[in-house]
Amino acid sequence: EKYLTRADKSDENMFRYAQLLFLSKQYEKAMQILEPLMQRNTENTTMMRLAGYSYYELGKYPEGEAMMMNFFNKREPNKLLESDYEYLGHLQMKNNHDAEAASSFDKAVKMDSTKCSLWSELANKYYTAKDYHDAATYFQKSVDCSKQPDIKDVMTLGRAYYFDSAYAKADTAFMLATVVAPEWPIGYRWRAVCNLNMDSAANPAGLAIPFYTTMIEKAVKDSVKFIKELKGSDIFISKIYGSED
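A. Main features of the packing of aromatic side chains. Counted under the stated rule, the structure contains 17 aromatic pairs. Between Y127 and Y132, the ring centres sit 5.4 Å apart and the planes meet at 70°, which makes this aromatic pair edge-to-face. An identical accessibility class is assigned to Y127 and Y132; each is buried. Judged by centre distance (5.1 Å) and plane angle (20°), the rings of F174 and W190 are stacked. Remark: W190 occurs in helix α12 (residues 185-198) and F174 occurs in helix α11 (residues 167-180); sequence separation between them is 16 residues.

See below:
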């Protein structure tokens, strides 16, 4: 700002100022600078990018998506950034264009493999809406592309499969949870519930029992924290399978 009191207020200098305002999270002020600049530079795609990003940060999602779509239509493909697809995907999610967001996130992750969390964001939206099938699809993408899967994503993946009645897939997810957190009882409890659902109701083979017993072994190490799981597990096994042990 001090520089601009003495320097030429050229479009180039003012755009640089708008970029610095964006980086300092002064998005409203950045747009106040950008709007007149864009009226004079209607084909400047770099300005369109910054405007699209700023609209997202300001919560102006329809304007942001429209701006980013205009940007993509005019920007050379070899000059696109991972963040362009990321911002577009976030804007599409906010506007309930979830299929389009998935496509944008796919391109972002292909450009930067560390962006696995983008899949989690989309998956969580489906999960919150109780669309467990699609939630599982995108949580699976997040887990598969992560070198060290987040335990929260793994557990929610398992629950999404479970609530979608895909018990074998849910069991596989919870098995991964016991690998990621081997001393945590909850992963074993969910494996028990999955195996109970996969067992025969008429002639149960006791598929759930090993996982309930392992859960108990882990839970007794902190019986206060896991009192809820401990209080019901042995009674539950006895009731379902008629076991006295």
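From this point, the discussion proceeds with the structure in view.
B. Examining the environment of I216 more closely. Here I216 is to be found in helix α13 (residues 209-219). The exposure class of I216 is partly exposed, given its relative accessible area of 23%.

C. A look at unusual backbone geometry. Backbone geometry at N96 places phi at a positive 60°, although glycine is not the residue there. Mapped onto the fold, N96 is located in the loop between α6 (82-94) and α7 (98-111). We classify N96 as exposed; its relative accessible area is 57%.

D. Up close: the state of the cysteines. Scanning the entire structure with this criterion turns up 1 disulfide. One disulfide in the model links C116 with C145; its S-S distance is 2.0 Å. Highlighted residues: C116 in the loop between α7 and α8 (117-128) and C145 in helix α9 (residues 132-145), separated in sequence by 29 residues. For C116, a relative accessible area of 7% puts it in the buried group.

E. Summary view of the packing of helix α4 (residues 45-57) against α6. Interaxial distance between α4 and α6 falls to 10 Å at its minimum, and their mutual angle equals 40°. Relative to α6, the element α4 lies oblique. The handedness of the crossing between α4 and α6 is left-handed. In contact with R49, G52, Y53, Y56 and E57 of α4, α6 contributes S83, D84, Y87, H90, L91 and K94. Of the residues in the contact of α4 with α6, the class split is 4 nonpolar, 3 polar and 4 charged.

Procedures and definitions
- The residue numbers shown here count from 1 along each chain, following its written sequence.
- It should be noted that, the model being predicted, local features are given only for residues of pLDDT at least 70 and side-chain atom pairs only at 80 or more, the latter also being counted only at that level, while totals for whole chains, interfaces and linings use all residues.
- Processing note: side-chain calculations cover all non-hydrogen atoms of the structure and skip hydrogens and water entirely.
- When the centres of two rings from Phe, Tyr and Trp lie within 6.5 Å, Trp using its six-membered ring, the rings pair. Their planes under 30 degrees apart give stacked, over 60 give edge-to-face, and anything left gives tilted.
- When accessible area is computed with a 1.4 Å probe and restricted to protein chains, residues below 20% of their type maximum are described as buried, those above 50% as exposed, and intermediate ones as partly exposed.
- Secondary structure follows DSSP: runs of H or I at least 4 residues long count as helices, runs of E at least 2 residues long count as strands, and numbering of each begins at the N terminus.
- Any pair of cysteine sulfurs within 2.5 Å is marked as a disulfide.
- The axes are straight lines fitted to the C-alpha atoms, using for helices just the contacting stretch, and the angles between their N-to-C directions are given from 0 to 180°.
- Each angle gets one of four labels, with under 35 degrees taken as roughly parallel, over 145 as roughly antiparallel, 65 to 115 as roughly perpendicular, and the rest as oblique.
- The crossing is said to be left-handed when, going from far helix to near helix, the turn is anticlockwise and less than a right angle, and right-handed when the turn is clockwise.
- What makes two residues a contact is simply this: any of their non-hydrogen atoms within 4.5 Å.
- Gly falls in the polar group here, along with every residue not listed as nonpolar (Ala, Val, Leu, Ile, Met, Phe, Trp, Tyr, Cys, Pro) or charged (Asp, Glu, Lys, Arg).

Nothing here speaks to function; it is geometry throughout.
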